[in-house]
Amino acid sequence: MKKNFLILAVSCLAASVMVMAQDEAAYVALMKQIGPTCSALGKKLQAKEGAAAVADAKKLQDLFQEVHAFWQKRSAADAMNFAKEASAAFQSVEQHASGGHFDEASASFKKALATCSGCHNAHREKAPDGSWKIK
Ligand code: HEC
């Protein structure tokens, strides 16, 4: 009986470690989408391509909702805040770009970019092999 319990406890632990690893892989996949979408958005704002910029800004808001959910599970209040600020800034980019106000849209875009480095400084760590780690 005792042994069974031990096996159960060990397999539960293994399962939760696996879920964590899956979560982290999904998170990296999010960031890999955020990076290029964000630079594409910057270029579209410069080229004053309103409709295309709006689509990217919307996509980024959705992606940062998922980023927010990830940190909520880890109860990391500062990271949740960065994700919220990013969403809000991209929403403002969307609104200004849809109205054709590209100066204002670019100003909001800069605010969004500030959240990237804010969170990266706090929650991203470079491993000795040069890859990134979540902390
Ligand atoms: C709430 C925190 C947070 C915010 C906000 C955030 N990031 Fe990240 N980002 C991370 C963490 C943590 C990692 C490290 C994950 C990893 O790569 O293992 C990361 C990694 C990345 C990577 C590397 C992915 C790879 O190839 O491994 C890119 C690119 C990236 N972020 C872009 C951005 C951009 C652009 C923004 C802003 C628009 C942004 N991030 C905002 C937390 C954040």
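Residues numbered from 1 in each chain as written. Predicted model: local features only at pLDDT ≥ 70, side-chain atom pairs only at ≥ 80, totals over all residues. Heavy atoms only, no water.

### Details of the coordination of the iron atom of the ligand
Right, on to step 1. Within the protein, Met-31 (SD) and His-120 (NE2) serve as the donor atoms for the iron atom of the ligand, at 2.0 to 2.3 Å.
Right, on to step 2. Classification of the site at the iron atom of the ligand as octahedral follows from its 6 donor atoms and the range of 86 to 178° in their angles at the metal. Placement of Met-31 in helix H1 (residues 2-46) and of His-120 in helix H4 (residues 102-123) is noted, with a sequence separation of 89 residues between them.
Right, on to step 3. A residue is classified by how much of its surface remains accessible, and His-120, at 25% relative accessible area, is partly exposed. (Donors = N, O, S within 2.8 Å, 3.2 Å for Na, K, Ca; no water. Tetrahedral: all angles 85-135°; square planar, octahedral: opposite > 155°, others 65-115°. Helix = DSSP H or I, 4+ residues; strand = E, 2+ residues; numbered from the N terminus. Buried < 20%, exposed > 50% of the residue type's maximum accessible area, 1.4 Å probe, protein only.)

### Notes on the pattern of salt bridges
Right, on to step 1. The final tally for this structure, using the stated rule, is 4 salt bridges.
Right, on to step 2. Asp-23 is the partner of Lys-73 in a salt bridge, and the nearest nitrogen-oxygen pair spans 3.3 Å. You can see Lys-73 sitting in helix H2 (residues 50-73) and its partner Asp-23 sitting in helix H1, a full 50 residues away along the chain.
Right, on to step 3. Between Lys-133 and Glu-125 there is a salt bridge; the shortest N-O distance is 3.9 Å.
Right, on to step 4. In this structure Lys-133 comes out as partly exposed when scored by relative accessible area, which is 46%.
Right, on to step 5. Note on Glu-125: relative accessible area 32%, which makes it partly exposed. (Salt bridge = Lys/Arg side-chain N within 4 Å of Asp/Glu carboxyl O.)

### Quick word on H4
Note: α-helices contain 3.6 residues per turn, so residues at a spacing of three or four share the same orientation.
Right, on to step 1. End to end, H4 covers 31 Å across 22 residues, agreeing with the expected 32 Å (1.5 Å per residue, within 8%).
Right, on to step 2. Taken as a whole, H4 has its buried residues at Phe-102, Ala-105, Ser-108, Phe-109, Ala-112, Thr-115, Cys-119 and His-123. One side of H4 carries all its buried residues, which in axial view fall inside an arc of 120°. Away from the buried face of H4 by more than 90 degrees, exposed residues Asp-103, Lys-110, Lys-111 and Asn-121 are located. (Expected span 1.5 Å × (residues − 1). Arc of directions from axis to C-beta.)

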